[in-house]
Amino acid sequence: MKVLCDGKYVVLDGGATWPTPMDGDADEDSLEWRLRYGKPDAVLRRRYHAASIVNAYRELITMPAAKRNKVIASLRRAIKPGDQHG
């Protein structure tokens with residue numbers, strides 16, 4: 001497993017790349033906050049990351065439970081606080 005873009009994306013062992021919502025340490029620095037309250041030009045820059053999260057959510061809710069559980073477990077390991085991102 002490899003973490004990319006300061007924790008915004010994770011490449012799982014099978015090669016699939018998944019986005020994470022884990023960007024920013026504070027509420028005011030998170031993707032959600034920036035999309036809701038940020039300046040329009042800043043929102044535009046974050047649109048692709050947000051779209052990838054929406055697509056990942058759709059994929060998770062339609063895949064079989066066993067596969068979904070593996071993906072979620074891998075994502076949780078990757079975004080655990082204090083981990084080194086490579």
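Residues numbered from 1 in each chain as written. Predicted model: local features only at pLDDT ≥ 70, side-chain atom pairs only at ≥ 80, totals over all residues. Heavy atoms only, no water.

### Some thoughts on the overall build of the protein chain
Across its full length, the protein chain holds 3 helices and 3 strands. Of the regular secondary structure in the protein chain, the N- to C-terminal order runs β-β-β-α-α-α. For the protein chain, with 86 residues in total, the buried portion stands at 24%. Carbon and sulfur atoms make up 54% of the accessible area of the protein chain, which totals about 6,300 Å². (Helix = DSSP H or I, 4+ residues; strand = E, 2+ residues; numbered from the N terminus. Buried < 20%, exposed > 50% of the residue type's maximum accessible area, 1.4 Å probe, protein only. Areas by Shrake-Rupley, 256 points an atom, 1.4 Å probe, with all protein chains shown as cover.)

### Notes on the confidence of the model for the protein chain
Mean pLDDT over the protein chain stands at 77; residues scoring 70 or higher make up 79%. Taken element by element, the predicted model of the protein chain shows its lowest mean pLDDT in strand 1 (residues 2-4) (70) and its highest in helix 3 (residues 65-78) (86). (pLDDT = per-residue confidence, 0-100.)

### Describing helix 3
Its 14 residues give helix 3 an end-to-end C-alpha distance of 20 Å, which sits within 8% of 20 Å, the value for a rise of 1.5 Å per residue. For helix 3, the complete set of buried residues consists of Val71, Ser74, Leu75 and Ala78. Take helix 3 and look down its axis: the buried residues cluster within an arc of 100°, on one side only. Projecting away from the buried face of helix 3 at angles above 90 degrees are the exposed residues Ala66 and Arg76. (Expected span 1.5 Å × (residues − 1). Arc of directions from axis to C-beta.)

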